[in-house]
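Tertiary structure, described
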Amino acid sequence: MTIDELHKHYQECNNVSTDTRKVKTNDIYFALKGENFNGNSFANQALKQGAKYVVIDDEGIEKDFDKHRYLHVENSLTALQKLAKFHRQFLNIPIIGLTGSNGKTTTKELINAVLSQKFNTIATVGNLNNHIGVPLTLLSMNSSTEIGIVEMGANHKKEIEFLCEIAQPDFGYITNFGKAHLEGFGGIEGVIKGKSELYHYLKNNNKIAFVNLNDEKQIELTKKFNIYTFGTSSASTSDTKINLIDNNQELLSISYQDEFIQTHLTGQYNFYNISAAICIGNYFKVNTKDIKNGLENYIPTNNRSQIINNGSTKIILDAYNANPSSMQVALENLNNLSGDSKIVFLGDMFELGLEAENEHQNIAEQALNLNIKKIYLIGANFNKIKLNSNKIVLYKSFEDLKIDFKNINIENSTILIKGSRGMALERILTLID
């Protein structure tokens, strides 16, 4: 079956699904394969649940429904990716590609909050930003979509390059380069090369990069590019001079073009995420009042930079993920906040390879040197640190912390909870309640 033919079938359907647990009436189901599953085995189940068509790459499966509803391709995943690329070209709308080590998802949400004030937008849902998520994002767009915002994640080189070939972004933004996925990228230089594949695509295709003038590395990498810039300097091409009003406040306040913007985000590290959204809104001629409304109405969710008040305890829940760079700035933010009683619950940072032991030691030392009353470190990597202090308490696992939690006094304190996704430290909230 050709991609053109597949696209015509796709257009007859409401949504794309790859999970029979989520199939709805008039969906098109793609039978993907994994280490422990084969989606072809669930094709009949998808049709039974209301799917209009199923895309399969195993012609030999038993067919319980009309044969025309089984669309056979050589490889279901490849077909999904090619269909997404075809559909992206078919719609021919502006696509903004977004990557970086930290802040991708928050920045994507902020950009969407601003642009949706003026346009009908579609943005990556959650962090569906890989070789499956990017195609699904593109295929969720339709003729009413005016701008697409596509988050691209990667843990090794050539991944962003591949995703760019599918999404074909007209605009791109890299949030930063940090110590994330060091194991897959082979170190920080590998991270820079891998994430910069977005820049290479933009340059080779004469597209536009949004660039933070306060980030020397981004400036260096985008010389001789088509760029649209922002920062705290009036030299920005977008006239997007943005100022942080007070970095000691719990929630960020921004001044932009005589407007005071009160956000629901904590952490100075979110300042550039907000600034990027303002810059991109400015480029697409969203008026200042609408930019303000979009940013002020955005409330973080999904364990990212959330502020939770629980009696006398204030919780900064930033437990969605962590790496040494994001952990460092989260600790600095906590240190800058007012209050005498500060407590941290930090979980292991994954995918650091040979740097794991050293990076966990560095974070523990940083925390020890800040104005933090108690430091609770959870996980096998943190248990290898070499520090002696009565401020530090080590737990090998969350279960060990859970057993001991009744002995921890968190009243009248500001708490930071942060760790890699696999640590799922948001579970600490159940212990507090």
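Quick notes on the rules
- Residues numbered from 1 in each chain as written.
- Predicted model: local features only at pLDDT ≥ 70, side-chain atom pairs only at ≥ 80, totals over all residues.
- Heavy atoms only, no water.
- Helix = DSSP H or I, 4+ residues; strand = E, 2+ residues; numbered from the N terminus.
- Pairing = 2+ DSSP bridges.
- Contact = heavy atoms within 4.5 Å.
- Axes fitted to C-alpha atoms, helices over the stretch in contact; angles between N-to-C directions.

Moving on to unusual backbone geometry. Even without being a glycine, K224 presents a positive backbone phi close to 65°. Residue position: K224 is located in the loop between α10 (216-221) and β12 (226-230). Residues other than glycine seldom take positive phi values, yet S305 does so here, at roughly 50°. Along the polypeptide, S305 turns up in the loop between α12 (288-296) and β16 (306-310).

This part covers the sheet that holds strand β1 (residues 16-17). In spatial order, the strands read β1-β2-β5-β6; together these 4 strands make up an open sheet with parallel pairing. Each of the sheet's edge strands pairs with one partner strand only, and the pair in question is β1 and β6 (70-72). Taken together, the 3 bridges between strand β2 (residues 28-30) and strand β5 (residues 53-56) define a ladder with parallel strand orientation. The residue bridging F30 from the neighbouring strand is V55, located in β5. Its contacts with the sheet put helix α3 (residues 76-91) on β1, β2 and β5, and the angle it makes with β2 is roughly 130°.

The next subject is the environment of I315. Turning to its location among the elements, I315 is positioned in strand β17 (residues 313-317). Along the chain, I315 and T414 lie 99 residues apart, while their C-alpha atoms are 5.9 Å from each other. If near-sequence neighbours (up to four positions away) are discounted, I315 is found in contact with Q306, I307, I308, N310, I415, I417, L429 and I432.

Side-chain direction in a regular strand flips from residue to residue, so the side chains alternate between the two faces of the sheet. Here strand β13 (residues 242-244) runs beside strand β14 (residues 253-256); their pairing, made up of 3 bridges, is antiparallel. Of the residues in β14, the one forming a bridge with I242 is Y256. Looking at chain direction, β14 and strand β15 (residues 259-262) are connected through 4 bridges and run antiparallel. Paired with Y256 across the two strands is E259, which belongs to β15. Counting the residues in the hairpin turn of β14 and β15 gives 2 residues, including Q257, whose phi is positive at 45°.

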